[in-house]
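# Summary of the model geometry
Here is how the chains run, residue by residue.
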Amino acid sequence: MKLEVKDIHKSFSEKEILKGISFSVESGKALGLLGRNGAGKTTTIRTIMDVFHANSGEILVDGKKFDPRKIQIGYLPEERGLYPKRKVMDQMVYLARLRGVSKKKAIDNAKKWLERLEVIQHQNVLLETLSKGNQQKVQLASTLVCEPEIVILDEPFSGLDPVNSQILQDVVKELIADGKIVIFSSHQMSYVEEFCEDIVMINAGEVVLDGNLLEIKKEYGKNQLIVSAIDKDVDTLSQMLETQFSNMVAVTGSTKTEVIVKLVDGVTRMDFFKGLSDVDGLVIERFETYKPSLNDIFVAKVGEEA
């Protein structure tokens, strides 16, 4: 199955929120949908689900107009929406029945996912009596109770401790391995890097970056190097590179222990390394290709740390 979002525009009153959003994702893959708060991610998700109707553009599945009533979608919203004063099992069965699942199948599915997420012991208690982490796991079980073909997860790790986060990570990997389409939205970039082959980055309602994550990281690291030296702190080394090697590199950033530089056009790695080697008393500790994190790329493109 292939889901395609093509040139989606969406306005509310006079304000245009989505300005031609396009991307695609296939079964057995996860797509990272990224952006600052207010960038248009939730509007994009709700347009895919037909909660909002696009002003223009189209959404296709395998080349045909997408009808969310004919394909099961599981949606975990950032703002949780279960009923705190209802029993866990009762509302899971209710939600599955709304999606056309038979009562027997709904009960079986609910037990399956509650068991998998290690909260089966809470099936007959009120949701509000559970910890925040267990409520989150019940929310995910409710997302999956209809056995969806498309799974949309918006900040799924919110409120989870490391143990429960690992359980959820395993479940997401299982969904991908089972051939589901997974759209994953989070500000926790490490999780996006863990699951997603491809990303779409939205800013102010427009796609500012998209494609294969490994290729994007390779491109962003192109002609950039990480440099550190023994007995030279970052500030000292940065100043030296800016003054003595400005014809070879430009300092583009730093970590706590290393300086990130970009080679000037026409300068090779070996040219720069030879220049460093010729400096008396300078002992290079690390000299290698800069491999940017997704968080680095996010900050560079939309100007806000995740």
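Refer to the structure above for everything that follows.
Rules of the game
Residues numbered from 1 in each chain as written. Predicted model: local features only at pLDDT ≥ 70, side-chain atom pairs only at ≥ 80, totals over all residues. Heavy atoms only, no water. Axes fitted to C-alpha atoms, helices over the stretch in contact; angles between N-to-C directions. Helix = DSSP H or I, 4+ residues; strand = E, 2+ residues; numbered from the N terminus. Parallel < 35°, antiparallel > 145°, perpendicular 65-115°, else oblique. Left-handed = near helix turned anticlockwise from the far one by under 90°. Contact = heavy atoms within 4.5 Å. Nonpolar A, V, L, I, M, F, W, Y, C, P; charged D, E, K, R; others polar. Pairing = 2+ DSSP bridges.

On to the packing of helix 2 (residues 88–98) against helix 3 (residues 103–116). At a closest axis distance of 9 Å, the pairing of helix 2 and helix 3 adopts a crossing angle of 125°. One element, helix 2, and the other, helix 3, form an angle in the oblique class. Seen from above, helix 2 lies across helix 3 with right-handed handedness. Two secondary-structure elements touch here, helix 2 through V88, M89, M92, V93, A96 and R97 and helix 3 through K103, A106, I107, A110, K111 and L114. By residue class, the composition of the contact of helix 2 with helix 3 is 9 nonpolar, no polar and 3 charged.

Next up on the list: the packing of helix 7 (residues 213–220) against helix 10 (residues 294–302). Relative to each other, helix 7 and helix 10 sit at 70°, their axes nearing to 11 Å. Of the possible angle classes, the one that applies to helix 7 and helix 10 is roughly perpendicular. Both helix 7 and helix 10 take part in a crossing whose hand is left-handed. Touching L213, I216, K217 and Y220 of helix 7 are L294, I297, A300 and K301, all from helix 10.

Both strand 3 (residues 29–35) and strand 9 (residues 198–203) contribute to a ladder of 5 bridges, which runs parallel. Considered in strand 9, the bridge of G32 is made with I199. Bridge count for strand 9 against strand 10 (residues 206–212) is 6 bridges, and the pairing is antiparallel. Its bridge partner lying in strand 10, I199 is registered against G211. Hairpin geometry of strand 9 and strand 10 is characterised by an intervening segment of 2 residues between the two adjacent antiparallel strands and by a positive phi of about 50° at A204.

Turning next to the sheet that holds strand 6 (residues 73–76). Reading across the sheet, the 6 strands line up as 6-7-8-3-9-10 and stay open at both edges, with mixed pairing between neighbours. The two strands at the open ends of the sheet, each matched to only one other strand, are strand 6 and strand 10. Here the average twist between neighbouring strands, direction ignored, is 15°. Across the sheet, helix 4 (residues 132–144) touches strand 6 and strand 7 (150–154), and the angle it forms with strand 6 is around 160°.

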